[in-house]
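# Per-entry structural report
Residue strings, one per chain:
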Amino acid sequence: MTATIDQVSTKFFDYVIVGGGTAGLTLAARLSEDPDVSVLVLEAGGANLDEPGILRPASWGSHFTNTSWTWPYKTIKQKELGDADYFWFRGKGLGGSSGINFMCWTKPPKEEIDEFEKLGNPGWNWQNYERYVAKTEGFYSPSEEVIKRNDNVNMNFDTWKIGRDGPLKLAYPGKIDALENKVLQTMLNAGLPKAPHPLSGDPKGVFLIPNTYDPVKHTRTYSATAFYVPNKDRPNLKVLINAAAHRIITQPATNGKLSAVGVEFEYDGKIHTVNAQKDVCLAAGGLKSPQLLELSGIGRRDVLEKIGVSLKAELPGLGENVQEHMFIGISWELKDDVGFETVDLLRDATHNAKHLDLHALGEGLYTRGIIGFAFNGLNQLSSLADTIYEKTKAKVLANKDKYPPGLLEQYNIQLDRIKRGAPGQEIICIPGFLSGPNPPKEGKSYITILAAMNHCFSRGSIHSTSIDPHKEPEFDPRYFEQEVDLDIFTESVKYVRRLGEVAPLKDITVNEYNPGPSVKDDAQVRDFIKKCMNTTWHTSSACSMLPKEKGGVVDPELRVYGTNNIRVVDLSVVPLQFAAHPMATVFAIAEQGADIIKGKFNPLEASLEKLKISA
Ligand SMILES: Cc1cc2nc3c(=O)[nH]c(=O)nc-3n(C[C@H](O)[C@H](O)[C@H](O)COP(=O)(O)OP(=O)(O)OC[C@H]3O[C@@H](n4cnc5c(N)ncnc54)[C@H](O)[C@@H]3O)c2cc1C
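To start, this report covers the structure provided alongside it.

Reading the values: rules and limits
- Residues numbered from 1 in each chain as written.
- Predicted model: local features only at pLDDT ≥ 70, side-chain atom pairs only at ≥ 80, totals over all residues.
- Heavy atoms only, no water.
- Helix = DSSP H or I, 4+ residues; strand = E, 2+ residues; numbered from the N terminus.
- Core = buried A, V, L, I, M, F, W, Y, C linked by side-chain atoms within 4.5 Å.
- Buried < 20%, exposed > 50% of the residue type's maximum accessible area, 1.4 Å probe, protein only.
- Contact = heavy atoms within 4.5 Å.
- Near = heavy atom within 4 Å.
- Polar contact = N/O pair within 3.5 Å; in protein donor to acceptor, adjacent residues only side chain to side chain.
- Areas by Shrake-Rupley, 256 points an atom, 1.4 Å probe, with all protein chains shown as cover.
- Nonpolar A, V, L, I, M, F, W, Y, C, P; charged D, E, K, R; others polar.
- Phe/Tyr/Trp six-rings, centres within 6.5 Å; stacked < 30°, edge-to-face > 60°.
- Disulfide = S-S within 2.5 Å.
- Expected span 1.5 Å × (residues − 1).
- Axes fitted to C-alpha atoms, helices over the stretch in contact; angles between N-to-C directions.
- Parallel < 35°, antiparallel > 145°, perpendicular 65-115°, else oblique.
- Left-handed = near helix turned anticlockwise from the far one by under 90°.
- Salt bridge = Lys/Arg side-chain N within 4 Å of Asp/Glu carboxyl O.

## Digging into unusual backbone geometry
The omega torsion of the bond from Gly436 to Pro437 falls at 5 degrees, within 30 degrees of zero and hence cis. Structurally, Pro437 can be placed in the loop between strand E18 (425–430) and strand E19 (446–453). A cis amide bond, omega 5 degrees, links Asn514 with the succeeding residue Pro515. Tracing the chain through its elements places Pro515 in the loop between strand E22 (509–514) and helix H16 (522–532). With phi around 60 degrees, Asp50 is a residue other than glycine that occupies positive phi space. Phi is positive for Asn321, close to 60 degrees, though the residue is something other than glycine. With respect to the helices and strands, Asn321 occurs in the loop between strand E15 (313–314) and strand E16 (326–334).

So, in structure tokens, the structure goes:
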């Protein structure tokens, strides 16, 4: 099924894709649609196909302890967080992070994708995004009964503009209990609006999202089921698993740029090479693509000098501008007679065994999903929105000459997002326990509401610390380096806690369990956040698509500056984080990237400016 080393080592392919994850397999499938083009994917992990633990929904976080499915990357100690460090788990093996993620399908607000274009990337706008993400989407409407039971939010799918013919099955999970709707109704009763167009450009407000979920088999869908399995027998597509790329092999070209001619990789303890006749495309994810470039001699002079790699193309922005999403859970203990179940039951071995059996029948708690959401402007959650805006604006102005190139422009956009009430603050309903500092009590059930931060001002970095490819780079998000992130997070947490006093949530809960009544004033909330917040595993932007002079690493054709044929096609190219979970956007980037590489999409021709002129 997958390739053998003899089919790959020293052989020639048109395209060599590094990383068989979310973007990598999508790109490989699209490029190999042309039978005259040969495509190789090198994936460091295994195939992991047909693994019940991967395919079973509602297994959130259970993958983290399995190092065949998960890379246990870790950040360096975080100064603002009492020197705590954080696991940045990522998916390993075919499907990458889409194989271990929490399966939530969300898309950014229209304006935030158009901001990619405003930052200097012609063709990367909402109009094209919507077209490309729809190529991936294979949405199934839920039953009339589900629609009726949840008609307090927008379930009129005719208005959703979501693709139905793509290979990635999207659906509402099999089991939707009354809990989600009670949380949605609580948010509506608290005054949040219904989201008008949840997955078509205007997600501000309350809605139910679909998951990457097969509604017939009740299993996870991901890039491996959508893009690898249906195409695995194409003669022009080879996928080599357990093959970790070490570096791109380059040669200086006559135009003064670098040309990639192949990739050096490790397989079964030995070093091999493979030749690329057209492009080398990095799709190793937001955390590893920057390291591969550095080990290939591309990046910051100071970083490369320190690790002893000779500089071939200087890119001061590589590994910089790193952006994160964060979340924290507020949990309430549920009354014993609420009449619905939560995944807390699965902590009990007997119940867990019963629900594993039920899953085989397409029933039970393992067919549950994370689906209740609200995306909100700061001004909807806090009376301090204007104060925070003014304080941040003054700080940005005062420091404007100290920022690295391009950052001021991003901050101005972020300030405008606060002012216009862009939905950077997210509320997520979890049907069970997911919070700290207190562990769950035996035999009790909980509802957790997450407060999540999507528009953080802090910027981190990812850099290699060794020429040895086995040594992980230094991951430094610099959490809360910009105080505004903590200010906004605090207001979000306070808002979510207040939801506990609103019906129907207040009618079904015993008490707020985490952080609990001992956390009263703002200082204590800030302390709670610093102790209990977590990454949302969405780290982006280490290879930002921006003009080079503004810290850019790739151009609008996803080509690394200073090279003729090295591209990056994964989450690391996002120039500015947005209000959504990133998986849908990664698929959209891969779809658009594939058409750019095939020569079917010209960013300049498809820019909004151009579209406006021809309209
Ligand atoms: C725990 C978790 C939960 C998440 N939940 C959600 C969610 O519910 N909704 C959502 O929208 N997003 C979610 N995300 C984020 C989303 O899944 C990712 O942003 C997206 O899948 C990233 O895609 P990618 O192609 O950039 O990288 P990946 O999918 O991570 O692919 C990178 C691939 O490259 C391989 N690789 C790495 N180094 C090498 C090398 N040297 N040689 C060869 N191969 C290599 C890796 O093994 C991996 O297969 C979650 C992420 C995680 C980790």
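## A look at the nonpolar core
One finds Leu42, Trp105, Leu293, Ile328, Phe489 and Met533 to be the most contacted residues of the largest nonpolar core, which totals 188 residues. Apart from the residues within four sequence positions on either side, Phe489 is in contact with Met326, Phe327, Ile328, Ala451, Met453, Phe480, Ile529 and Met533. By size, the runner-up hydrophobic cluster in this structure holds 5 residues, among which are Val303, Leu304, Ile307 and Val309.

## A look at the site of the ligand
In the region of the ligand, 39 residues are neighbours, and Thr22, Glu43, Ser97, Cys104 and Met583 sit closest. Taking Phe102, its main chain carries an N or O atom lying 3.1 Å from a nitrogen atom of the ligand. Ala245 has a polar backbone atom sitting 2.9 Å from a nitrogen atom of the ligand. Here the ligand has 1,000 Å² of accessible area as a free molecule, and 97% of this is covered by the chains. The residue makeup of the shell around the ligand, split by class, is 22 nonpolar, 13 polar and 4 charged.

## Considerations on the side chain of His325
You can see His325 is positioned in the loop between E15 and E16. Owing to a relative accessible area of 0%, His325 belongs among the buried residues under this scheme. In this structure the side chain of His325 is engaged in a polar contact, spanning 2.8 Å, whose partner is the side chain of His538. Within the structure, the side chain of His325 is placed 3.2 Å from the backbone oxygen of Phe578, a separation counted as a polar contact. Among residues more than four places away in sequence, those in contact with His325 are Met453, Asn454, Asn534, Thr535, Thr536, His538, Gln577, Phe578 and Ala580.

## Here we look at the packing of aromatic side chains
Across all of its chains, the model carries 26 aromatic pairs by this definition. Taking 4.8 Å as the distance between ring centres and 55 degrees as the angle between the ring planes, the aromatic pair formed by Phe157 and Trp160 counts as tilted. Judged by relative accessible area, Phe157 falls into the buried class, the value being 7%. Both rings, one in Phe480 and one in Phe489, keep their centres 6.3 Å apart while their planes meet at 40 degrees; by these two values the pair is tilted.

## Here we look at the state of the cysteines
Considering all chains together, one arrives at 0 disulfides under this definition. Cys532 forms no disulfide, and the closest cysteine sulfur to it belongs to Cys456, at a distance of 17 Å. Free cysteine: Cys543, not disulfide-bonded; nearest cysteine sulfur from Cys281 at 13 Å.

## Remarks on helix H10 (residues 349–360)
Between its first and last C-alpha, H10 extends 17 Å over 12 residues, near the 16 Å set by a 1.5 Å rise per residue. A side-chain oxygen of the first residue of H10 lies 3.1 Å from the backbone nitrogen of Thr350; this N-cap is Asp348. Downstream of H10 by a residue or two, Gly362 has a phi angle that is positive, lying close to 80 degrees.

## Looking at the packing of helix H12 (residues 385–399) against helix H13 (residues 407–420)
When two helices pack together, their arrangement is given by the angle between the helix axes and by the axis-to-axis distance. Axis separation between H12 and H13 bottoms out at 10 Å; the angle between their running directions is 165 degrees. Here H12 is positioned roughly antiparallel relative to H13, judged by the angle of their axes. Helix-helix and strand crossings are classified by hand; for H12 and H13 the assignment is left-handed. Between H12 and H13, the contacting residues are Ala385, Tyr389, Thr392, Lys393 and Val396 on the first element and Leu408, Tyr411, Asn412, Leu415, Ile418 and Lys419 on the second. Grouping the constituent residues of the contact of H12 with H13 by class yields 7 nonpolar, 2 polar and 2 charged.

## Some remarks on the pattern of salt bridges
For the coordinates displayed, the defined rule picks out 39 salt bridges. Between Asp336 and Lys444 there is a salt bridge, with its nearest N and O atoms 3.5 Å apart. Remark: Lys444 occurs in the loop between E18 and E19 and Asp336 occurs in the loop between E16 and H10; sequence separation between them is 108 residues. With relative accessibility at 67%, the residue Asp336 sits in the exposed group. By relative accessible area, Lys444 is classed as partly exposed at 24%. Between Glu483 and Lys391 there is a salt bridge, with its nearest N and O atoms 3.8 Å apart. Here Glu483 is found in helix H14 (residues 483–499), whereas its partner Lys391 is found in helix H12, with 92 residues between them in sequence. A relative accessible area of 40% means that Glu483 is categorised as partly exposed.

## Points about the environment of Asn352
Structurally, the position occupied by Asn352 is in helix H10. With residues near it in sequence (within four places) discarded, Asn352 still touches Leu345, Leu346 and Tyr366.

Treat this as a map of the structure, not an account of what it does.
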